[in-house]
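Listed here are the chains, written in short residue letters.
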Amino acid sequence: MNPSKRFALVAGETSGDLLAGLLLGGVRQRWPDLQSFGIGGQQMAAQGFEAWWPSEKLAVRGYVEVLRHYREIVGIRAQLQQRLLTTDRPDVFIGVDAPDFNLHLEANLKASGVRTVHFVCPSVWAWRAERVEKIRRSADHVLCIFPFEPDLLARHDIAATYVGHPLANVIPLEPDRAAARVALGLRDEDTVVAILPGSRASEVQYLAQVFFEAAKRLRSERPGTRFVVPAVPALRERIEAAARSAGLGGELQVIAGQSHTALAACDVTLIASGTATLEAALFKRPMVIAYNMNWLSWQIMRRKQLQPWVGLPNILCGDFVVPEFLQEAASPRALAQGVLDWLDAPERIAALQQRFTALHHTLRRDTAQLATDAIEKVLES
């Protein structure tokens, strides 16, 4: 019997909470008496995690947006660090994504003798290559979700393991579209567009109204089109207000969470750039990716961009397999036309689904087992 372990984790947003919850599910099989605590959300809580702060506290994107919450976020990190180095010292700290928050914390914990693991390699291959040195200082080991990342990190003497992407195991290779439609009260013959404006307040602020204006145009072009909008509970009221402002009525269905059901049910999705685009790819759904943020944040980020793509499906396929509309280009007219282009091209959808199926096989590994093995080696080192 493995002795009880104490793991501290920080997951800073909805996608991180999902990844951490899946990781904890596997880790608990190795250490059934595991104690886990730190910053997390509902998926982690379902695995017995004790959240000292909710993950929503860290769900901020963009330079200007972070500055607005800087004092609170830094205060949380300082309190967490103090607690982990005194009264609640863990056997290992696992930072799940949220690199701006976690790498700084990991560096200080590592310097004080706490073993550190970072789950999800910061995208140094796409943005901010200067992070490589910070990763080396901060993490004893990196758990990578994309197959090319360990070799990249090895060039910089950073220990890493490819563990696959947990979502590739959760999402079936052949999603059940009919069952998803029944669950949402949709007919088989309906044209269904899933609208995912993001899981952060800042994303909803910049994208929801534009997405719903695009939906209004789609409704004019394709009467009877049904729209399904999975909403994070904390943002549902804001999303519904944006829908009302756009004049959308009975054709639009806002649901609490259930993003996977919406993606399985839809014909195409209008979606904010982020982890959700990878989920859409694993569901083999055509998509139109959009992103908009504070103008100054965008100017800073675009100078650090190392690849021509922003959306994960395009990055992983190395091509513009789905359209991206960023900042001013993300107009209601352009987004609506992007969706219509998919609806009018079934042969194009079939070719895309083949590419996404190949990607799904590449990412499908026993993530929990591989991650747990790597963590155990860190604990033994």
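Treat the numbers as computed from the prediction; the structure is a model and nothing was measured.

(A) Spatial organisation of the overall build of the chain. A tally of regular secondary structure across the chain gives 18 helices and 13 strands. The burial tally for the chain puts 55% of its 381 residues in the buried class. Total accessible area on the chain stands at roughly 16,000 Å², and carbon and sulfur atoms take up 49% of it.

(B) Region of the structure containing the sheet that holds strand β9 (residues 226-231). Across the sheet, six strands lie side by side as β10-β9-β8-β11-β12-β13; this open sheet has parallel pairing. In the strand order of this sheet, the two ends are held by β10 (252-256) and β13 (324-326), each with one partner. If you compare each strand with its neighbour and ignore which way they point, the axes differ by 20° on average. Across four bridges, the pairing between strand β11 (residues 268-272) and strand β12 (residues 287-291) is parallel. Each residue of the ladder has a partner; that of Thr 269, found in β12, is Met 287. Across the face of the sheet, helix α11 (residues 236-245) comes into contact with β9 and β10 while running at roughly 175° to β10.

(C) Structural context of the sheet that holds strand β2 (residues 35-40). Read from one edge to the other, the open sheet built from seven strands follows the order β3-β2-β1-β4-β5-β6-β7, with strand pairing classed as parallel. Looking at the sheet topology across the chains shown, the edges are occupied by β3 (50-54) and β7 (160-162). Direction aside, the axes of adjacent strands within the sheet are offset by 15° on average. Across the face of the sheet, helix α5 (residues 99-111) comes into contact with β1 (6-11), β2, β4 (92-96) and β5 (115-119) while running at roughly 165° to β5.

(D) Up close: the nonpolar core. Judged by nonpolar contacts, the single largest core of 100 residues is most densely connected at Phe 7, Leu 9, Ile 94, Phe 119, Phe 212, Leu 335 and Ile 375. Ranked by residues supplied to this core, first place goes to helix α10 (residues 201-221) with nine residues. Contact partners of Phe 119, with chain neighbours within four places excluded, come to Leu 19, Leu 23, Ile 94, Gly 95, Val 96, Asp 97, Leu 143, Ile 145, Val 163 and Pro 166. Counting 16 residues, the second-largest nonpolar core is a separate cluster that includes Ala 8, Trp 53, Leu 80 and Leu 84.

(E) Focus on the packing of aromatic side chains. Going through the model one piece at a time under the given rule, you end up with three aromatic pairs. Ring geometry for Phe 37 against Trp 52: centres 5.0 Å apart, planes inclined by 15°, an arrangement best described as stacked. Residue Phe 37 is found in strand β2, and its partner Trp 52 is found in strand β3; the two are separated by 15 residues along the sequence. With a relative accessible area of 3%, Phe 37 lands in the buried category. With a centroid separation of 6.3 Å and an interplanar angle of 10°, the aromatic rings of Phe 146 and Phe 148 are classed as stacked. Judged by relative accessible area, which is 4%, Phe 146 ranks as buried. Exposure remark for Phe 148: the relative accessible area of 35% places this residue in the partly exposed category. Taking the ring centre of Trp 52 as reference, the NZ or CZ of Arg 83 above it sits at 3.6 Å.

(F) The arrangement of the packing of helix α13 (residues 275-282) against helix α17 (residues 346-363) in detail. At a minimum axis separation of 8 Å, α13 and α17 run at an interaxial angle of 110°. As judged from the angle between their axes, α13 and α17 are roughly perpendicular. Within the contact between the two elements, α13 uses Leu 278, Ala 281 and Leu 282 and α17 uses Phe 356, Leu 359, His 360 and Leu 363. Residues of the contact of α13 with α17, tallied by class, amount to six nonpolar, one polar and no charged.

(G) Layout of unusual backbone geometry. Phi is positive for Gln 258, which is not a glycine, with a value near 55°. Mapped onto the secondary structure, Gln 258 falls in the loop between β10 and α12 (259-265). For Gln 258, a relative accessible area of 41% translates into the label partly exposed. Not every positive phi belongs to a glycine, and Lys 284 is a case in point at roughly 65°.

(H) Structural detail: the pattern of salt bridges. For the structure on display, the rule yields 15 salt bridges. Among the salt bridges present, the one from Arg 30 reaches Asp 373, with a minimum N-O distance of 2.7 Å. In this pair, Arg 30 sits in helix α1 (residues 14-30) while Asp 373 sits in helix α18 (residues 367-380), placing the two residues 343 residues apart along the sequence. The class for Arg 30 is buried, based on a relative accessible area of 18%. In this structure, the salt-bridge partner of Arg 187 is Asp 190, at a minimum N-O distance of 2.8 Å. With a relative accessible area of 5%, Asp 190 lands in the buried category. Three or more residues joined by partner-sharing salt bridges are found here, namely Arg 177, Arg 181, Asp 188 and Asp 267.

(I) Structural detail: the pairing of β11. With five of five residues buried, β11 lies mostly within the body of the structure. Burial along β11 is two-sided: the residues Val 268, Leu 270 and Ala 272 and Thr 269 and Ile 271 are all buried. Where strand β8 (residues 192-196) meets β11, four bridges bridge the pair, whose relative direction is parallel. When the bridges of β11 are listed, Val 193 appears paired with Val 268. Regarding the hand of the β-α-β motif, the stretch spanning β11, α13 and β12 is right-handed.

(J) Examining the environment of Glu 174 more closely. As for its position among the elements, Glu 174 is in the loop between α8 (166-170) and α9 (177-183). Owing to a relative accessible area of 71%, Glu 174 belongs among the exposed residues under this scheme. It is 8.9 Å that separates the C-alpha atoms of Glu 174 and Thr 357, two residues lying 183 residues apart in sequence.

Definitions and cut-offs
Residues numbered from 1 in each chain as written. Predicted model: local features only at pLDDT ≥ 70, side-chain atom pairs only at ≥ 80, totals over all residues. Heavy atoms only, no water. Helix = DSSP H or I, 4+ residues; strand = E, 2+ residues; numbered from the N terminus. Buried < 20%, exposed > 50% of the residue type's maximum accessible area, 1.4 Å probe, protein only. Areas by Shrake-Rupley, 256 points an atom, 1.4 Å probe, with all protein chains shown as cover. Pairing = 2+ DSSP bridges. Axes fitted to C-alpha atoms, helices over the stretch in contact; angles between N-to-C directions. Contact = heavy atoms within 4.5 Å. Core = buried A, V, L, I, M, F, W, Y, C linked by side-chain atoms within 4.5 Å. Phe/Tyr/Trp six-rings, centres within 6.5 Å; stacked < 30°, edge-to-face > 60°. Lys NZ or Arg CZ within 6 Å of the ring centre and 35° of its normal. Parallel < 35°, antiparallel > 145°, perpendicular 65-115°, else oblique. Nonpolar A, V, L, I, M, F, W, Y, C, P; charged D, E, K, R; others polar. Salt bridge = Lys/Arg side-chain N within 4 Å of Asp/Glu carboxyl O. Right-handed = clockwise from strand over helix to strand, strands pointing away.

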